[in-house]
Each structure stands twice: as structure tokens, then as C-alpha cells.
Amino acid sequence: MKYPNLTLLLAMGILPTTADSQEMKAIYASNPFLSTYKTPFGVPPFNLIKNEHFKPAIMEGMMLHKKEVDFITTNKSVPTFENTIVALEHSGELLDKVSTVFYNMNSANTNEEIQQIANEVAPKISAHNDNIYLNEKLFSKVKAVWNQKNELKISAEDQKLLEKTYKRFVRSGANLSDSDKEKLKIINSELAVLTLKFGQNILAETNNYEYVVSNKEELAGLPEELIAAAAETAKAKDKKGKWVITLSNSSVMPFLQYSSNRILRKEIWEAYQNRGNNGNAFDNNANALQIANLRSEKARLLGYKTHAQYVLEESMAKSPEKVMEFLNQLWTPALAKAKVEETEIKQMMVAEGIKDNVQPYDWRYYSEKIRKEKYDLDEQELRPYFSLDAVTQGVFMVCDKLYGLQFKQLKDVPTYHDDVTAWEVTEKNGNYLGLLYMDFYPRASKRGGAWMTSYKPQSKEGGKRMAPIISIVCNFSKPTADTPALFTFDEVSTYFHEFGHALHGLLSDVNYKSLAGTNVPRDFVELPSQIMENWATDSEVLKMYAKHYKTGKVIPDALLQKIENSGTYGQGFATVEYLASAFLDMDFHTINTTLSGSAADFEKASMKKIGLIPSIIPRHKSNYFSHVFSGGYSAGYYSYIWSGVLDTDAFDQFKKTSLFDPTKANLFRTQILEKGGTEEPMELYKKFRGSEPSIEPLLKKRGLNSPTK
Ligand SMILES: [Zn+2]
């Protein structure tokens, strides 16, 4: 017995389960989480899972996890890598099994009952984790193994697992005094509840708003496809014959881009940017501030100056100073470019007789008009070439050309919603790699944005590769009564982006699940995703997949030329609104005193500091900045542009020879996609590239002047 395996311990009678009573036996028999899934590819049996199954399975999962940990802690033998570190890695299997499904459902297909259970179990799971990581006896065992690290004859990956496990204990407070441990437990529990609440508030605020149009004239400027989509939305909301604009990105963003009705643009933009800022039960101002304060308190308790310092220790950037230096380097040229774009907008507004200054609700509308006037490029013209089918074939083709991957749709695999499709992913030689779910359209039960997640990370058991189960979830434009889903250029990029994350999960080839796939520093995790966007938007690749949904005709050269000509137009605005949020995130997480007042005031001061122009607001304002207040990107929103340096530099390598250069593709796969978190990111990157990345390709791609020149 190499390590205490749950099933084995149960069989040996070492772990008395609660299933001893008649009542519990009945619960076990009817709860799909409590037996082995009897489904194709071992996917969760979504058709059998009901809300009432979650809580008992989570409670049972925590109980078993505790017993497994107790077994490790009370083991009389000398602590070894196997009986301590590997044993911990394999513990908590049932809890993982149920909680991945539960939290994925809470993000992608939630309801009031699930949200209620989430609120109930969040402090319990937080306390459960604290009981493990703050367990003195257990930590002394982990430490004993750590102290022998130089003498142990274990592989580099084992060393990494040891390091990661040891650090996780230290970073969770294992070295604290008993009284500080108690303080930490309270902070963790409060944070668990608040971050959950923050996300739930945004979903409620997004769902609670709709703008109903009864008079079609109010839709002036909108292309027919968008009017049809608004009519579909109205129909789904029992308002047949009317049009509804919602605060989902796929509704609100195109509206702001095309509506010539300035008063209505203002109204809808205000509703959008005030989500979580309406002084009602869903207001996030106090939550954001409190989350930042608690994180700061926690960091200081653990011996760090700030939360950012605590977080960044584990990143490629390493320190807040380094992140700020990097952001500042980009800020000046980005702001300069945005100001040029603003002047062009102002000129156009003056020409239209509008005397007002440029407002945030003017940017998307006039940018689109200028793009059309200057470059003759109408985004709507592109959409017929980006049907769901065409883009999907495009993604598959790129994956085939680079890595030889094959995709087959599976109709007999249970899914959690009719919109979800399931795919078998195999190597060219037919070897099974993993299962992929794709879930594309917005609905009231799904949070906004796009993300990749996993139901089962890749790992190895006895040397045998256990295939992962991966999912991508998006909020794309839906099909209408007479057209298939036709994506915007942005949505196409997002599709490739999330698919890149999925590849990171699917191609993973490591021993331990906690080092698999996307378990890498956040400022490295966007490399596999963002590099895919480069293939999505390259003319050479577009010609291979962008085909008209009606005629099947390939996107015309003239249109590609227009895309090429419009080049970096709009990058000033896009970079500035993004960087503003990145600075805001850093400001919230580099505080070392307790904030008072409101998040809105803090944001105002933060934006004043960088000199953000009034016509642009941060891409995510504090009141709906879910990446950092309810997701895992606190002191990490800068990661996208940090990884941007890596992905543009990496893609540049392909451009130098061929977009599908087999040697480079193989290096990218074997040195980056397969390796997960088993090695330092920069070392992996250098193995692919031969050197550290250069920032120049990123500046060039965004049309920013090099600040060093
Ligand atoms: Zn991403």
C-alpha cells in the first residue's frame, strides 16, 4: 500500500463511514456522488444529480477527507514523501468530486437553492480547510519531509509537489501562534461568504434589469441581426412583439456600439456600470471594501506587507513593485493613443452638431463609425463568416494542424443543460486524451464572462494517464429564428482563447492533479489561451475557416484587407480601459491600513492618480469587478497583459517560419501545454523559445510606441 487510498481504507474497515446506519445507507444508495459514476467516460451523471444531493455529499466528503487526513497524522511510521505528501495529494477525493460539480453548477447553471447551499457550505468548507492546513501535527510531518528535501531520491516533479505542499501550509498560516490561527480562521470564513455574495449580487443585478422597447424607432442604428436578437429575448421573456435589451455583454455591448440614440445609450450604459452600485440589497460597495480590508489583514497576519505581496510571491512577476513598473511602462503610450482616438471621436461629434464632451457611452458607437469611415470596415459585415459551425471547424483545424488533435461530438453523454455539447478529444492515432464540454449561450442561471473549468483534472495512477474532463463556458450571441449563431470578431477571439485554456487542461501529462493543466501562476496561465487568439485573427487562418453561413464562400480578400488596414485602431481605448482595472486591482490590494468610506470613492482616487480621462471608465468597476472580488484574480488582473508579452512573442516565433511550424508546435505542446505547474514558468518558456520574451511584439501589436525609445 503506497498511500492510504479512500476505497482501500473503506474496504479495510479503517474508515467507518456514516453509511453504517439504515438511514445513511438509503442516502448513499440514492445519491449519485456517493457511488462510482456509471457513465460514458466517467462524466458526472447530470441527468441524475438533483439539488438535494449536493449538501449531504459535501458533508460526507468533508468527513471522509478529515478521516484520511487523521490517518496520515496519526500514522506511527516515520514521515516520508509517500506516506505524507502523496497521501495528502490523494486525500479528499469525494469532496473534490462533488465540489467541482457543485461550484461549476453555481457558475454556469445556478438557481436559488444552489446559491443557498453555497452560502451555507462556504464557511464550513473554509473551516474544514483551515483544520487541515492549521493542524500542527500534520504540518510537523510535512515539515519533516521538507527538511529532507536535499537527501530525497525523488524526481523533479515530486520535488515540485513537495515544495508546493509545504508552501501551501506555510501560506495558509501553519507557522502562526494559536491565537493568530484563530484570527485567521475567522477572516477566512468571512472572506468565503463575502466573495460568494459579491458574485451573487452581480448576477442578481444583471438579471434584474431589462430595457423594454415598444417603439422600434428606439432601436435606430442597430443592425437587423441585433434587432432580431432583441426580439428573441423579448419573446423568451413573454414580451412577444417587443424588444428587450439586457445587461448581458452580448446584448449591451453591441447596443452601445450601434445605437444612434444617445439618450438610450446613456440609460443602458448607466444601468450596466451601476450593477452592484444601486444602494439596494445587492450593493457591492461595502463588500469590495471589506474584502480588500480582510485580505490585507490576513496578509499582515501572515507576515506580508500587503495582499499583493502575498499573492505575487507565487507569480512570475514576483512583487507588486515589478507589476507596477510593468503597468506604468504601458500606461503612458496607451493613454497617449487613447487621447488621439478621443480627439477623432470629438471631431465626429462636432460634425454631427453634438457640443458635449466625449462620454463613456460614446466610445463604442463612434469608434465603430470611425472604423467604418476610415477603414470601410463594418463589424457586422464579418459576422456571417463567423457562424458557430465555421468557427468551431476553425478551432478544430488549428488544433489538428498544430497538435494533430481530433474532435468527435458525443450525443449519449449527459450534460447539465440542452445548450451544452460534449466532445471526445483524441490524438491523431486515436488515443483518447480527454472529454470537452462546450456551453456557449447566456442565460439567467449563468454568470457573465467566459471561462474554462474542469470536472476532473488530469493525473496518473500507477503510471497510467487518467484523462481529464474539461469545460468551456461562454456568453456568446445566440442563434435567432432564421440565422444560426453568428459571432462577433471579439467572440471569435474569446472562443479561441477559452479553447487555449482547454488545451492546457486536455494535453496535460503530469503525475499529480494539483500540478496539472492550468495549475500554474496566473500571469503564465493566459499564455496558452491568448496565443490561440493570434491564430483566430490571422488572415492566413481566417481564409481557412471564415466561411459565409449561407453561401459557404470564404471571407473575401477585400474584407481581410480592411481588417488588416484597421490594424491597431481602437487599441488605445481597449488598453486604457483594461489597464485602469489592472491599476485599480493593484491599489485595492496594496493597502496596508484599513479602508473606510466607499469603494466608489476609493476607485475615484485611484483613477485620479493615473490620470484616467473622464470619457473612459475602468473595464471592470469596483462594484462588478468579479475577477478580483469573487474570482481568483486579486492582485492578478495585470496577468492578461503580462501573458500578452509571452503570447505575442511566442506567436512571433511561429510567424518567422510558418504559422503551423511542426517543430515549434511540438515544443509548445511538450514544454508548455503538457507540463502544467511541474516547472518554473520562465524555464518552460525558455525551453520553447530559447530565450526570455521581448516586449516589442506586444507594443507593435497594440500600436503603442516603445517607451524606451
Ligand atoms: Zn483566460
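Scroll up to find the structure this text is about.
Residues numbered from 1 in each chain as written. Predicted model: local features only at pLDDT ≥ 70, side-chain atom pairs only at ≥ 80, totals over all residues. Heavy atoms only, no water.

Comments concerning helix α12 (residues 262-273)
So the rule is basically this: The helix count covers DSSP runs of H or I at least four residues long, the strand count covers runs of E at least two residues long, and both are numbered beginning at the N terminus. By definition here, a helix of n residues has an expected span of 1.5 Å times n minus one. Note on exposure labels: buried denotes an accessible area under 20% of the residue type's maximum, exposed denotes more than 50%, and partly exposed covers the range between, all computed with a 1.4 Å probe on protein chains only. Only heavy atoms enter the contact rule, under which two residues are in contact if any of them lie within 4.5 Å.
The end-to-end C-alpha distance of α12, which contains 12 residues, comes to 16 Å, matching closely the 16 Å that a straight helix rising 1.5 Å per residue would cover. For α12, the set of buried residues is Leu264, Arg265, Ile268, Trp269, Ala271, Tyr272 and Gln273. For α12, the elements touching its buried residues are β1 (210-213), β2 (243-246), α11 (249-258) and α16 (360-375).

Considerations on the nonpolar core
So the rule is basically this: The criterion is simple. A nonpolar core is a set of buried Ala, Val, Leu, Ile, Met, Phe, Trp, Tyr and Cys residues joined through side-chain atoms within 4.5 Å.
Formed by 165 residues in total, the largest nonpolar core has its most connected members in Leu327, Phe386, Tyr495, Phe499 and Trp535. Element by element, the count of residues in this core is highest for helix α15 (residues 320-351), at 11 residues. Setting aside residues up to four positions removed in sequence, Phe499 forms contacts with Val395, Phe396, Cys399, Phe407, Leu436, Met438 and Ile472. Tyr28, Tyr37, Ile58 and Val420 belong to the second largest nonpolar core, which has 38 residues in total.

Considering the packing of aromatic side chains
Inclusion rule: Here a Phe, Tyr or Trp ring, Trp counted by its six-membered ring, pairs with any other such ring whose centre lies within 6.5 Å, and the pair is stacked when the planes are under 30 degrees apart, edge-to-face when over 60, and tilted otherwise. Ring-over charges, as used throughout, are those where CZ of Arg or NZ of Lys falls within 6 Å of the ring centre and within 35 degrees of the ring normal.
By the definition in use, this model includes 48 aromatic pairs. An angle of 35 degrees between the planes, with centres 6.3 Å apart, marks the rings of Phe386 and Tyr545 as tilted. Here Tyr545 lies in helix α21 (residues 539-545) and Phe386 lies in the loop between α17 (379-382) and α18 (388-403), a separation of 159 residues in the sequence. The pair Phe386 / Tyr545 is uniform in exposure class, with both members buried. Between Phe588 and Phe629, the aromatic rings sit 5.2 Å apart at their centres with planes inclined by 85 degrees, giving edge-to-face as the arrangement. Linking Phe588 in helix α23 (residues 571-589) with Phe629 in helix α25 (residues 626-629), this pair joins segments that are 41 residues apart in sequence. Per residue, the accessibility class of Phe588 equals that of Phe629, and both read buried. Looking at Lys149, its charged tip hangs above the ring of Trp146, at a distance of 4.2 Å from the centre.

Quick look at the coordination of the zinc ion
Note the threshold: For Na, K and Ca the donor cutoff is 3.2 Å, while for all other metals N, O and S atoms count as donors only within 2.8 Å; water does not appear among the atoms, so some sites may look incomplete.
Around the zinc ion, the donor atoms from the protein are His497 (NE2), His501 (NE2) and Glu526 (OE), and they sit 2.1 Å away. Between consecutive donors of the zinc ion, the numbers of intervening residues give the motif H-x3-H-x24-E. With a gap of four residues between them, His497 and His501 both fall in helix α19 (residues 489-506), about one helical turn apart. For the pair His497 and His501, one class covers both residues: buried.

What to know about the side chain of Ser251
Within the fold, Ser251 resides in helix α11. Apart from the residues within four sequence positions on either side, Ser251 is in contact with Val244, Ile245 and Thr246.

Some thoughts on the sheet that holds strand β9 (residues 469-473)
Selection criterion: At least two bridges found by DSSP between two strands are what make those strands a pair. Where helices are involved, their axes are fitted lines through C-alpha atoms of the stretch in contact, as for all axes, and angles between N-to-C directions lie from 0 to 180°.
The sheet built from five strands is open, its strands ordered β3-β4-β5-β9-β6 with mixed pairing. Edge strands, defined here as strands with exactly one partner in the open sheet, are β3 (406-410) and β6 (451-456). When the angles between neighbouring strand axes are averaged without regard to direction, this sheet yields 25 degrees. Sheet analysis places β3 next to strand β4 (residues 420-426), joined by five bridges and oriented antiparallel. Its bridge partner lying in β4, Phe407 is registered against Val425. Of the strands in this sheet, β5 (432-439), β6 and β9 touch helix α5 (residues 93-108), which is tilted by about 155 degrees from β6. Relative to the sheet, α18 contacts β3, β4 and β5, its axis offset from that of β3 by approximately 140 degrees.

What about unusual backbone geometry?
The phi angle of most residues is negative, glycine excepted, and most peptide bonds adopt the trans form. Here the phi dihedral of Phe41 falls at roughly 60 degrees; this positive angle occurs in a residue that is not glycine. Looking at where Phe41 falls in the secondary structure, it is placed in the loop between α2 (22-30) and α3 (51-74). For Phe41, a relative accessible area of 31% gives the class partly exposed. The backbone of Lys318 shows a phi angle near 75 degrees, a positive value even though the residue is not glycine. Of note, Lys318 is situated in the loop between α14 (307-312) and α15.

Observations regarding the pattern of salt bridges
It is possible for side chains of opposite charge to pair when their charged atoms get near one another. Filter applied, for reference: We define a salt bridge as a side-chain nitrogen of Lys or Arg found within 4 Å of a carboxyl oxygen belonging to Asp or Glu.
As enumerated under the stated definition, the model contains 39 salt bridges in all. A salt bridge links Lys237 to Glu210, with the nearest nitrogen and oxygen atoms 3.1 Å apart. In this pair, Lys237 is assigned in the loop between α10 (224-236) and β2 and Glu210 in strand β1, connecting sequence segments 27 residues apart. On the basis of relative accessible area, Lys237 is assigned to the partly exposed category, the value being 32%. Overall, the relative accessible area of 27% leaves Glu210 in the partly exposed class. Note that Glu341 and Lys337 form a salt bridge whose closest N and O atoms lie 3.9 Å from each other. Residue Glu341 and its partner Lys337 are located together in helix α15, separated by four residues, close to a single helical turn. Overall, the relative accessible area of 4% leaves Glu341 in the buried class. Its relative accessible area of 17% is what places Lys337 among the buried residues. Linked by salt bridges that have partners in common, Arg262, Arg265, Asp356 and Asp362 make up one network.

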